[in-house]
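# Breakdown of the fold
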Amino acid sequence: MTAPTSNMRSLDRSFDLLDVLQAAKQPMRLAEIARASRLHIATAQRIVNVLVARGYVARSNDGYTAGPAALAVAHAYLVSNPLSTVAQPVLQQLATTTGFTASVYVRVEHSRVLVARIESEHPLSYVLPVGERLPLHLGGAGKIFLAEMSNDERTLALADVADVRFAGGGMLSRAEFEQQLDEIREAGFAFSVSERLVGIASITAPVRSTDGSLQAVLGVTGPADSIDEDTRASLIAEVRRAAAAFGARIPLIK
């Protein structure tokens, strides 16, 4: 039996509201939540009350945040989803072989989410926790997802992006960025430096299941001055090898 349209709309609004709290990373007042999720404040209040009762939203003197039930759902994904569990030994080997931090991202709507990460013996100067949600247009992992999209999907994903400005001060026009995405798809890997964070470089490759479909993006990250032209070719080979090995282990959805 198909759920009534009004029920589906309420469910959709609930997820919109949770997305707002997830993106904020700090307590928000009800009026702020309503404005950011484009809901009438009375509607936002009703949804928040339900989510608080179910533990998906928490309330404090400072406002509302995501609640502990959301963390429990995330934990269930990490311990039970094949993509997450298969990634661990592949990332461990890649980090050991290369000496760089190894990570896996999956696409969630028009963003990417870190689902697994193994630090190298020389950890990065910043902490990127599992579950972090990042934009697609900054960093090699996101650009691989964009490169694999159809023209219509890409247009939607980049609807709010004009010129692409990098943390290191560089900039690409939308046309130049689109050309770069086509080159990434043709090459089968992406190299980025100082795009989201200054002084950080990454090499990433698509993870495809045995039917050829894109399932995730795998890569290594390290200080930009450690990934120079002399080491880049060998790193690209290692990352692509690991991505292929990872993809071969992902069970197909029947």
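Note that residues are indexed from 1 along each chain, following the sequence as it is written. Local features in this predicted model are restricted to residues of pLDDT 70 or higher, and side-chain atom pairs are both shown and tallied only at a pLDDT of 80 or more, whereas totals for entire chains, interfaces and linings draw on every residue. Note that water and hydrogens are dropped before the side-chain values are worked out from all heavy atoms of the structure.

## Quick look at empty space enclosed by the protein
Both site types are read off a 1 Å grid over the protein atoms alone. A 1.4 Å probe that fits but cannot get out defines a cavity, while an open set with protein on both sides within 12 Å along at least five of seven lines defines a pocket; lining residues have an atom within 4 Å of a point. Grid points are joined across faces, edges and corners, and a volume is the space filled by probe spheres set on the points. Per the stated rule, a full pass over the model turns up two cavities of 30 Å³ or more. Its boundaries defined by the atoms lining it, the largest cavity holds a volume of some 220 Å³. In terms of lining residues, the largest cavity is bounded by 24 residues, among which Arg112, Gly139, Ile200, Ser202 and Thr221 are the most central. What counts as a helix is a DSSP run of H or I of at least four residues, what counts as a strand is a run of E of at least two, and both are numbered from the N terminus. Of all the secondary structure elements, the ones that give two or more residues to the lining of the largest cavity are strand S3 (101-108), strand S4 (111-118), helix H6 (140-148), strand S8 (190-193), strand S9 (200-208) and strand S10 (214-223). Lys, Arg, Asp and Glu make up the charged group, whereas Ala, Val, Leu, Ile, Met, Phe, Trp, Tyr, Cys and Pro make up the nonpolar group; the residues left over, Gly among them, are polar. Its residues assigned to classes, the lining of the largest cavity shows eleven nonpolar, nine polar and four charged. By volume, the second largest cavity is sized at about 50 Å³. In terms of lining residues, the second largest cavity is bounded by Ile144, Ala147, Glu148, Ile184, Arg185, Gly188, Phe189, Pro206 and Arg208. Within the residue set of the lining of the second largest cavity, elements represented by two or more residues are H6, helix H8 (174-187) and S9. With three residues, H6 is the largest single contributor of residues to the lining of the second largest cavity. Residue composition of the lining of the second largest cavity, grouped by class: five nonpolar, one polar and three charged.

## With respect to the sheet that holds S4
For two strands to be treated as a pair, DSSP must find at least two bridges joining them. On the basis of which strands lie adjacent, the open sheet formed by six strands has the order S5-S4-S3-S10-S9-S8 and antiparallel pairing. Here the strands that pair on one side only, and so sit at the sheet edges, are strand S5 (133-135) and S8. Pairwise comparison of adjacent strand axes, ignoring direction, gives a mean angle of 35 degrees for this sheet. Across nine bridges, the pairing between S9 and S10 is antiparallel. Of the residues in S10, the one forming a bridge with Val207 is Ala216. Contact definition: two residues touch when any of their heavy atoms are within 4.5 Å. With axes taken as lines fitted to C-alpha atoms, and helix axes fitted only over the stretch in contact, angles between N-to-C directions fall between 0 and 180 degrees. The strands that helix H5 (residues 82-98) touches are S3, S4 and S10; relative to S4, the one it contacts most, it runs at about 65 degrees.

## Looking at a nonpolar patch on the surface
A cluster of nonpolar side chains, contributed by Met8, Leu11 and Phe15, occupies part of the molecular surface with about 290 Å² of accessible area. By the element assignment, Phe15 lies in helix H1 (residues 5-24). Accessibility expressed as a relative area gives 46% for Phe15, which makes it partly exposed. Here a patch means residues that are over 30% exposed by relative accessible area and free of salt bridges, tied together within 9 Å if like-charged and within 5 Å if nonpolar (Val, Leu, Ile, Met, Phe, Trp, Tyr). Note on areas: these come from Shrake-Rupley sampling with a 1.4 Å probe, and a residue is covered only by the protein chains present in the view. Salt bridge, as applied in this entry: a Lys or Arg side-chain nitrogen positioned within 4 Å of an Asp or Glu carboxyl oxygen. Three labels apply to residues, based on accessible area from a 1.4 Å probe with only protein chains included: buried if under 20% of the type maximum, exposed if over 50%, partly exposed otherwise in between.

## Examining the pairing of strand S2 (residues 63-66)
Put simply, side chains in a regular strand alternate between the two faces of the sheet. In terms of strand pairing, strand S1 (residues 57-60) meets S2 through four bridges, oriented antiparallel. When the bridges of S2 are listed, Ser60 appears paired with Gly63. Between S1 and S2, which pair antiparallel in sequence order, lie two residues.

## Quick look at the nonpolar core
For our purposes a nonpolar core is just a set of buried Ala, Val, Leu, Ile, Met, Phe, Trp, Tyr and Cys residues, chained together by side-chain atoms within 4.5 Å. In terms of nonpolar packing, the biggest core is built from 30 residues, with Leu91, Val104, Ile203, Val207, Leu218 and Phe246 touching the most fellow members. Elements with a contribution of two residues or more to this core: H5, S3, S4, S9, S10 and helix H9 (229-249). With seven residues, the top contributor of residues to this core is H5. The residues touching Phe246, leaving out its near neighbours within four places in the chain, are Leu83, Val86, Ala87, Val90, Val104, Val207 and Leu218.

## Let's talk about the packing of aromatic side chains
Any two of the Phe, Tyr and Trp rings considered here, Trp counted by its six-membered ring, make a pair once their centres fall within 6.5 Å; the pair's planes then place it as stacked at under 30 degrees, edge-to-face at over 60, or tilted in between. Across all of its chains, the model carries zero aromatic pairs by this definition. Sitting over the ring of Tyr105, Arg112 keeps its end group 4.7 Å from the ring centre. Distance and angle both matter: a charge sits over a ring if NZ of Lys or CZ of Arg is within 6 Å of the ring centre and within 35 degrees of the ring normal. Over the face of the ring belonging to Phe191 we find Arg232, whose NZ or CZ atom lies 4.0 Å from the ring centre.

## So, the layout of surface pockets
Taken as a whole, the largest pocket spans an internal volume of roughly 1100 Å³. Considering the residues around the largest pocket, the lining is formed by 28 residues, among which Gln22, Ala70, Ala74, Gly131 and Arg133 are closest to the centre. Counting only elements with at least two residues in the lining of the largest pocket, the list comes to H1, S2, helix H4 (68-80), S3 and S4. Split by residue class, the lining of the largest pocket holds 18 nonpolar, five polar and five charged. By volume, the second largest pocket amounts to about 480 Å³. As for the second largest pocket, its lining consists of 14 residues, and the residues nearest its centre are Asp16, Asp19, Val20, Glu109 and Arg133. Split into classes, the residues belonging to the lining of the second largest pocket amount to five nonpolar, three polar and six charged.

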